[in-house]
Every structure is written in structure tokens, then in C-alpha cells.
There are 2 protein chains.
Amino acid sequence: MTTYEKRRGALAARIAERNVAMAMFEDTEGRRDPSIRYFSGHPGDALLFIAADGRSLLVPWDVNMAASMASIEDVAAYTDFARSPFAAMAGALERLGVAKGSVVDLPSVTPYPMYVDYVEACPDHDFRCVEDGATSLAAEMRAVKDADEIATYRKVSAITDEAMDEIEKGVRSGALATETDVALFIERFLRQKGCEATGFETLAAGPSRSFGIHAFPAYTAAPFAVEGMSILDFGLSYEGYTSDVTMTFVRGSTDGKRGEMIALVKKAHDDAIAVCKPGARSRDVALLVDRIFEEKGYKMPHALGHGVGLEAHEAPAVRSREDNEWVLAPGHVITIEPGLYDPEAGGVRLEDDVLITESGCEVLTHARIVLLG
Amino acid sequence: MTTYEKRRGALAARIAERNVAMAMFEDTEGRRDPSIRYFSGHPGDALLFIAADGRSLLVPWDVNMAASMASIEDVAAYTDFARSPFAAMAGALERLGVAKGSVVDLPSVTPYPMYVDYVEACPDHDFRCVEDGATSLAAEMRAVKDADEIATYRKVSAITDEAMDEIEKGVRSGALATETDVALFIERFLRQKGCEATGFETLAAGPSRSFGIHAFPAYTAAPFAVEGMSILDFGLSYEGYTSDVTMTFVRGSTDGKRGEMIALVKKAHDDAIAVCKPGARSRDVALLVDRIFEEKGYKMPHALGHGVGLEAHEAPAVRSREDNEWVLAPGHVITIEPGLYDPEAGGVRLEDDVLITESGCEVLTHARIVLLG
């Protein structure tokens, strides 16, 4: 049995428990969902139907790609349904023999008008579109990495660490002098190492732009790591799994506010990681950091972290909002990324990826705040 | 009056005609909508509320960025609403004085479960989420480029043409030898020219991968433009507006199937552009190309083209599906991108951007199928 069969089987069992006869997953422009890759190996632009009895059907846009990448028992071309998800749904219900009157789970991100169209196209089935449906079950499954996925994370983390070492060298030597230099070094390096792509757009913000949480544009021809604080936030994607790290480069004095911000961010990073372990509520980890900053009169404008995997942002959440109820568990891979931003002093952020283990946690990556003097 | 004020005023008038009291736009991870940039100048991660009386409110995540980029009369930090769209909606209804019982338009991509949550959070208003709501009105407005936008398109097209010339030279000289070489040349070139970013991930597929419509990964360390057919599909984004072109590089013989495919794609490209003019149904343009291919026993697995603008894919649609009812009009900027793909011969695609003018059309870019001999 392949990994993909096992995963589909596990999902089928979970939906069967809930009396759901079939679940649909959709990956399309505007609604990307790597769960299709997780369950079938197919990288995207497809619908995936998984029935409670374990049978499944992939409906890819590109059947040539499916033939080479998907691991699944049944494939039907999306073009055979004129690329209409409603026609494909009707076809899947018939092909998988889903009984009339039974419950069909739609992705929780299905737009309201599309929900109405599914109901009209397939009036004999009972469509459900809820926050805690199969989309959420898949997110829960994906949040806990299995042995293969952890092995992948060790690989991508080692490549990411190597990239950070090379970037530090390049910045110190002057070879990487602009935001573009740094970002393109990463693009070339990752492909030489067998990675697919960056996990998200590399964010390289020199001192004039580092006060923004997510500087815009992501990188420019402007100087990087000149006087002040520069932020580099990037991730490498290996077999679909992305790392996510942030380094800060500081040129010039670390007296005054700048030094205080750097010390606080470093302390927040280290103290947060020290309490990451199975059973800890991720909200408490985030609240710990909020307190460290508040005591000195600072406030972080973003979450402390997030799960990573096939998406740069996935479960579990690591933030102090009251609606966050995640409890850390072995196999979770999360980021810890405290940051502080000031329109004048600039921004500083330090981010690493952390694997929750049986006994505590393992810091997978080794980002740093580089003091260039 | 700024361009942004004019645009917001035009939308306000359109929703007022429909007895909608307020429309909401949302740009967030998983649901990107550059309409917020179109109406306010703010690049994203925000909510935008526009009332029928013309007043508006921007709720950005990053208030520092809004202070430097947004052009709007009222701003409230998203963090003041704990980054809850439901809390922000309640706040906007109050701040803009939207009468109880009146109709509020939600983005047409609002997930079904969120729709339910808006209704619960603001029970005194009548929420609508429909395909032809304000999202669609904004798409219609954005489809027709104004004089400023057309000037931007001339700029980004000229830079794109220059990039294509340089790429052809680099491939011919051997300086650009891998998929990565070509993709990173583009990344550096565009920033030197003042562009923000690529409009979408550059797709550089050497002969072993060009049979895929959208090769995966987008580019690798593999050779480019060696024996066979290689596809390069890229776009440059200037002030948010993206170009979108595809070149094909052919090394070796053009006898047999390969030559037939190349000639057909070239003919489809030229014949389609020849009939692009105001009043033409874009579906008819697509059907013309379908017929050219069908006569020779080929079938194109994707749409002929699409509008471009602040998004790489936007209105108007240019495809042969029956649900496409767009009529070309002056100010539309569309791609024409016929392509044919064969698992053995490889793929060939030729794509240019075309501005519909008062009297016909103007081809903005000058892509080519490069025969390397």
C-alpha cells in the first residue's frame, strides 16, 4: 500500500465515522489546496473525490502530468467535464456509486454562490460545507508529519541552513549587495540542491523597508545590509514541503532602541522554543512572547508562528488569539518568528522551524541575527 | 479628485443603482483581490468598504504601509478588530452609518461558512453574496483599462519586449543554458527596469518537460533550449500591472509533427489577432482557433487567452466555453496564446498581449517562436 493509499484510507475512515459518503477537494487558481498532492501525489489543478468506502477519483486538468505524477486508482480528465466542477461532481457521484440522499462534503472554502450551484446541479445529494468538514480533517492529518515527511524536513532544513551560511558569507564579503542579489542567490542555490522552488516569495527588505511586516515589493534592486536593519525571510520547497526562516542583518550601531529590539526578539525566540513540547498549548507560547514585548512597551503586529508543510502557512496555529485551541503534538512542525518593527529603527525578526518530538522539540533550522558591525 | 476616488465613486454609483448600501472587498492569504489596490492604491492584506454614498474605509493589516501607499479618506487598523473580518464588518457598518435592514454585498468568493458567520455577526443587515455582485462590477471596471493603465501597459510591454530580445540573444550565445538561467535573468532584468516582480511564476520548460501545459516545477536546473522544443512563459509586473508572453525555442529539425505543430500555432496566433476588434465576441475568436487545430486533428487543452491587468488572469475571458459571453471593447487587454502539446514532440505555445482599440487592436508585445536550427 502506498503512502497515498494509506492517507486516503485514513480520510475515508474519518468521513465514514461522520456519515459523510464522499468528500471533494479542489485545487484551482484562487483556491489552492495541496491536500490533493498529499492524498494523490498529483501537484495540482485538479479535483479529488474520496468516498467513505475508500474508493477515489482524480479529475486533473493535465492528464499527461497525472500519468507521470499521480498515484491513484482512477483518473478522469477535467476537460471531459468541460472543466465544470458541477459536471465533474455529478460524474464522480455516479462513477463512485454514491447513494442518493447521502451526505457530500464540499471544501470549506467553497464560495457561497458555488455551493448553491452544486446543490442545483446534483439535487439528489445532501451537500455540506462547514468549517470542520473534510478540509479540516485533512489539515489535522497534514499537521502531524509522518516519518517520511520528517525525513523530508531534515533534508530541506539542512539545505536551508547551508543557504543561510552561504548568504551570511556573501553579505559579509560584499558579493550579495542588493535585495535582488540575495533573492536570486537563493533561487539558484535551491535548484542546484534539488529543491522545487521557494515555498513563498522571498522577502528581502533593506533598511529603508524593513519596518514593514511584509515589505512590498518583496525584493527590489535596492541595497541590502547597508547601515540599519535588513530582513531576509525565505523558504525552500523540497518535494513540496517548505522551510520558512528569517534572518536579520544589522549594520552599524546596536545602541539604543535598535539594540533593545534585537535583544528582545532574540530572547522571545529562545524563550518560546524552550517551552515548545507535546501538550503545550500553542496559544500559551504566543502569550509568553506577547508578555516579553509588553513589559518593555512593544507590541508584535503578527502571529508568533504557524505550522509549515505543503503550505507555507498551515495547521497548527501559533498565535495568541482566543480562538486558537491547538495543543502541540509530536510531528507538528511550526515556525517561531518573533519580530518588532519601528518606522525609524527598522525591523528585526528571527524565525526558525521547530519539530515537536515525543519529549520536547528539535530546532530544525538555525537562523540568526547577523551583526555586521 | 484622484484616480482612486474616481474609481470608488464609479463603483458607489453602480451599487447605489442596485440598492446595495455597502460593498466589501477582501484581500487575504488564500483570497487575493487586487481590487483593493485598484480602488485605494493599498497593495493588499486588507478589507475595503465602499458605501453607496461614496464614503469608504480601508482596514489594512499593516497601517505603516497604508500610510505610505493608500489614497483614501479613512483607515482603521485590522488589529483593532483582532483581525476578525466579522468584527471589522460590524465596525464598518457603524463607522459608515449603513442603515439597518439595508443590503450589504460580500465578495463572490466568500466561503459558505463565512457567509453564515457574517449573517450571525451582523443580524441587522441583509447580506448578499452573488456571482454578479460588486466583485463582478469591479472585474468589469478593471477589464476596461483607462488612459493611465494603457500608458502603464505600453511601458511594461516595451520592457517585456526588451527582455525577450535579451533572452533570445542569451540563448543563442549559450549564456542562458538552463531553465534557471533564463528565469533568473528575467528576475534581475525586471528589477533593473523598475518592475516590481514577475506577474506569476516564470515557467521555463526544456524539451523534456514542455509537453505539460504548466510544467511542474516551474523551472529547474535542467537544460533549456537543447534539442527539441522549450517553452518560456513569463510576465513582468509594473506598478501592479502584468504582461504575459510565451516564447518557444526550437532546436533541431522542424520536419514532421514538430513542424506541423509550430506552423499551426503560428497561424492560430496570427489569425486570432486579425479578428480582435471592438464588438467581436471573444468566444468566436477562440472557436476560430479550435477549428484551425481540429481541421488537422489537434486539440488545444487550454483557453485561447484571458484578460490581464492587476491579475495575470482577469476579465474578459477568451475561451470557447459556452458560458463565455464577453464582447471585446476598447481598453480590454487580452492574451492570445494558442498552444499544442505532445508527449513525444513536446510543446509549442506563442503568446502576446493585445490591446483592443477603437478601430481594431494593437499587439503590445512581440513574442516569437525561435528556430535555433
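Each chain has its residues counted from 1, following the order in which its sequence is written. The order in which chains are written sets their letters, starting at A; the order in which ligands are written sets their numbers, starting at 1. Reporting in this predicted model follows two pLDDT cut-offs: at least 70 for local features of residues, and 80 or more for side-chain atom pairs to be given and counted; totals over whole chains, interfaces and linings ignore these cut-offs and use all residues.

> In this structure, what is going on with the overall build of chain A? I would like to understand it.
Counting secondary structure elements, chain A contains ten helices and 19 strands. Throughout, radius of gyration means the C-alpha value; the globule benchmark is 2.2 Å times the number of residues raised to the power 0.38. Its C-alpha radius of gyration of 23 Å places chain A within 12% of the 21 Å reference for a compact globule of 373 residues. Oriented by its inertia axes, the alpha-carbon framework of chain A measures out at about 70 × 40 × 40 Å. Buried, partly exposed and exposed are defined by the number of other C-beta atoms within 10 Å of a residue's own C-beta, namely 20 or more, between the two limits, and 12 or fewer respectively, with C-beta atoms placed from the backbone. Relative to its full complement of 373 residues, chain A shows a buried share of 50%. C-beta atoms are placed from the backbone for every residue, and two residues are taken to be in contact when these atoms lie within 7 Å. In chain A, of all internal contacts separated by at least 6 residues, the share reaching a separation of at least 24 is 64%. Secondary structure elements follow DSSP: runs of H or I no shorter than four residues count as helices, runs of E no shorter than two count as strands, and numbering proceeds from the N terminus.

> Got a minute to help me understand the relation of the copies chain B and chain A in this structure?
Each of the two chain copies goes to the other by way of a rotation about an axis and a shift along it. Alignment of copies: least-squares fit on C-alpha atoms of residues with pLDDT of at least 70 in both copies. Once turned by 180° and shifted 0.0 Å along the axis, chain B lies on chain A with an RMSD of 0.0 Å. On the angle and the small slide along the axis, the relation comes out as a two-fold axis. Most of the interface of chain B is mirrored in chain A, where 100% of its interface residues are also at the interface.

> Would you mind showing me how to read the sheet that holds strand 8 (residues 228–234) of chain A here?
Sheet strands associate in pairs through backbone hydrogen bonding, adopting either a parallel or an antiparallel arrangement. Residue and element names in this part refer to chain A. One open sheet accounts for four strands, arranged 7-8-11-19; its pairing is mixed. The open sheet has two edge strands, strand 7 (203–205) and strand 19 (369–371), and neither has a second partner. This sheet shows a mean twist of 15° between the axes of neighbouring strands, independent of strand direction. As judged from the three bridges shared by strand 7 and strand 8, these two strands associate in the antiparallel manner. By definition, two strands form a pair when at least two bridges between them are found by DSSP. To obtain each axis, a line is fitted to C-alpha atoms, and for helices this fit is confined to the stretch in contact; angles are then taken between N-to-C directions over 0 to 180 degrees.

> Just to check I follow, could you spell out the packing of helix 8 (residues 179–192) of chain A against helix 8 (residues 179–192) of chain B for this structure?
Two numbers describe a pair of packed helices, the interaxial angle and the distance between the axes. Interaxial distance between helix 8 of chain A and helix 8 of chain B falls to 11 Å at its minimum, and their mutual angle equals 170°. Taken as axis vectors, helix 8 of chain A and helix 8 of chain B run roughly antiparallel relative to one another. The segment helix 8 of chain A lies against helix 8 of chain B, with Thr180(A), Leu184(A), Glu187(A), Arg188(A) and Arg191(A) engaging Thr180(B), Leu184(B), Glu187(B), Arg188(B) and Arg191(B). A class-by-class count of the residues in the contact of helix 8 of chain A with helix 8 of chain B yields two nonpolar, two polar and six charged. The labels follow the angle: roughly parallel below 35 degrees, roughly antiparallel above 145, roughly perpendicular from 65 to 115, and oblique for the rest. Here the nonpolar group is Ala, Val, Leu, Ile, Met, Phe, Trp, Tyr, Cys and Pro; Asp, Glu, Lys and Arg are the charged ones; every other residue, Gly included, is treated as polar.

> Looking at this structure, I do not really get the nonpolar core. What am I missing?
With 223 residues, the main nonpolar core has Met22(A) and Met22(B) as its most contacted residues. Filtering out sequence-adjacent residues up to four positions away, Met22(B) remains in contact with Phe49(B), Ile50(B), Ala51(B), Ala52(B), Leu96(B), Val98(B) and Val104(B). A set of buried residues drawn from Ala, Val, Leu, Ile, Met, Phe, Trp, Tyr and Cys, joined through C-beta atoms within 7 Å, is what defines a nonpolar core.

> Hey, could you run me through the interface of chain B and chain A in this one?
The extent of an interface is frequently quoted as the accessible surface area lost upon association of the parts. Contacts between the two partners involve 38 residues from chain B and, on the opposite side, 38 residues from chain A. Of all the secondary structure elements, the ones that give two or more residues to the side of chain B that touches chain A are helix 3 (63–69), helix 5 (112–121) and helix 8 of chain B. Its residues assigned to classes, the side of chain B that touches chain A comprises 20 nonpolar, ten polar and eight charged.

> Quick question: what am I supposed to make of the domain arrangement of chain A here?
Residue and element names in this part refer to chain A. Domain boundaries shown here were taken from an automatic or database domain assignment. The assigned domain composition of chain A is domain 1 (3–142) and domain 2 (144–371). With centres defined by C-alpha atoms, the gap from domain 1 to domain 2 works out at 34 Å. Across the contact, eight residues belong to domain 1 and eight residues belong to domain 2. Of all the secondary-structure elements, those providing two or more residues to the side of domain 1 that touches domain 2 are helix 2 (35–40) and helix 6 (134–143). With four residues, the single largest contributor to the side of domain 1 that touches domain 2 is helix 6. Grouping the constituent residues of the side of domain 1 that touches domain 2 by class yields four nonpolar, one polar and three charged.

> Explanation requested: the confidence of the model for chain A in the structure shown.
As a note on interpretation, predicted positions should not be read in detail where pLDDT is low. pLDDT runs from 0 to 100 and stands for how confident the predictor is about each residue. Confidence along chain A averages 96 in pLDDT terms, with 100% of residues attaining 70 or more. Across the whole predicted complex the pTM is 0.89, and at the interface the ipTM reaches 0.85.

> Please clarify how the packing of helix 4 (residues 85–95) of chain A against helix 5 (residues 112–121) of chain A should be interpreted in this entry.
All names here are of chain A. Where helix 4 contacts helix 5, the two axes come as close as 9 Å, and the packing angle between them is 45°. Accordingly, the angle class assigned to the pair helix 4 and helix 5 is oblique. Note on packing geometry: the crossing formed by helix 4 with helix 5 is right-handed. Residues Phe-86, Met-89 and Ala-90 of helix 4 form the contact with helix 5, whose participating residues are Asp-117, Tyr-118 and Ala-121. Classifying every residue of the contact of helix 4 with helix 5 by side-chain character gives five nonpolar, no polar and one charged. Two helices that cross are described as forming a left-handed crossing if the nearer one is turned anticlockwise from the farther one by less than a right angle, and a right-handed crossing if clockwise.

> Explain the pairing of strand 3 (residues 56–60) of chain B to me, please; I cannot follow it from the model alone.
Each regular strand carries side chains that alternate between the two faces of the sheet. Residues and elements named next belong to chain B. A large share of strand 3 lies buried, amounting to five of its five residues. Residue alternation in strand 3 divides its side chains into two sets, Ser-56, Leu-58 and Pro-60 and Leu-57 and Val-59, and both sets are buried. In terms of strand pairing, strand 2 (residues 46–51) meets strand 3 through five bridges, oriented antiparallel. Paired with Leu-47 across the bridge in strand 3 is Val-59. A loop of four residues connects strand 2 with strand 3, the two strands running antiparallel in sequence, and Gly-54 in this loop sits at a positive phi of about 95°.

> Looking at this structure, I do not really get helix 5 of chain B. What am I missing?
The periodicity of an α-helix, 3.6 residues per turn, causes residues three or four positions apart to be oriented the same way. Every buried residue of helix 5 of chain B is accounted for by Tyr112(B), Met114(B) and Tyr118(B). On an axial view of helix 5 of chain B, the arc spanned by its buried residues comes to 160°, and they lie on one face. Contact partners of the buried residues in helix 5 of chain B: helix 5 of chain A together with helix 4 (85–95) and strand 5 (126–128) of chain B. Throughout, the arc means the angular range of directions from the helix axis out to the C-beta atoms.

> Can you walk me through helix 9 (residues 256–274) of chain A in this structure?
Residue and element names in this part refer to chain A. The length a helix should cover is 1.5 Å for every residue beyond the first. For helix 9, built from 19 residues, the straight-helix expectation of 27 Å at 1.5 Å per residue is met to within 8% by its first-to-last C-alpha distance of 27 Å. All of the buried residues along helix 9 are Met-261, Ile-262, Leu-264, Val-265, Ala-268, His-269 and Ala-272. Viewed end-on, helix 9 has its buried residues packed into an arc of 165°, placing them on one side of the element. Residues of helix 9 that are exposed and angled more than 90 degrees away from the buried face: Gly-256 and Ala-274. Those residues of helix 9 that are buried are in contact with strand 11 (245–251), helix 10 (282–295), strand 14 (333–336), strand 15 (339–342), strand 16 (346–349) and strand 19.

> Where do I start with the environment of Ala215(A) in this structure?
Relative to the assigned elements, Ala215(A) resides in the loop between strand 7 and strand 8. The residues contacting Ala215(A), other than those within four sequence positions of it, are Leu203(A), Ala205(A), Arg209(A) and Ser210(A).

> Mind showing me how you'd approach unusual backbone geometry here?
Most of the time, phi is negative for any residue but glycine, and the peptide bond is trans. Residue and element names in this part refer to chain A. Residue Pro-217 is bonded to the preceding Phe-216 through a cis peptide linkage, with omega at -10°. On the secondary structure map, Pro-217 appears in the loop between strand 7 and strand 8. For the peptide bond that leads from Ala-315 to Pro-316, omega is 0°, which places it in the cis range. Tracing the sequence through the fold places Pro-316 in strand 13 (residues 314–318). Its identity as a non-glycine residue notwithstanding, Asp-45 has a phi of 55°, on the positive side. Mapping Asp-45 onto the fold places it in the loop between helix 2 and strand 2 (46–51). One non-glycine residue with positive phi stands out, namely Ala-225, at about 65°. Residue placement: Ala-225 occurs in the loop between strand 7 and strand 8.

> Sorry if this is basic, but what is going on with the sheet that holds strand 8 (residues 228–234) of chain B here?
Residues and elements named next belong to chain B. Strand order in the open sheet formed by four strands is 7-8-11-19, with mixed pairing between adjacent strands. Looking along the sheet, the strands with just one partner apiece sit at the ends: strand 7 (203–205) and strand 19 (369–371). Across this sheet, the average inter-strand angle for adjacent strands is 15°, counted without regard to direction. Across the face of the sheet, helix 8 comes into contact with strand 7 and strand 8 while running at roughly 155° to strand 7.

> I'm lost on the environment of Leu184(B) in this one. Help?
Within the fold, Leu184(B) resides in helix 8. When neighbours within four sequence positions are excluded, Leu184(B) is seen to be in contact with Leu184(A), Glu187(A) and Arg188(A).

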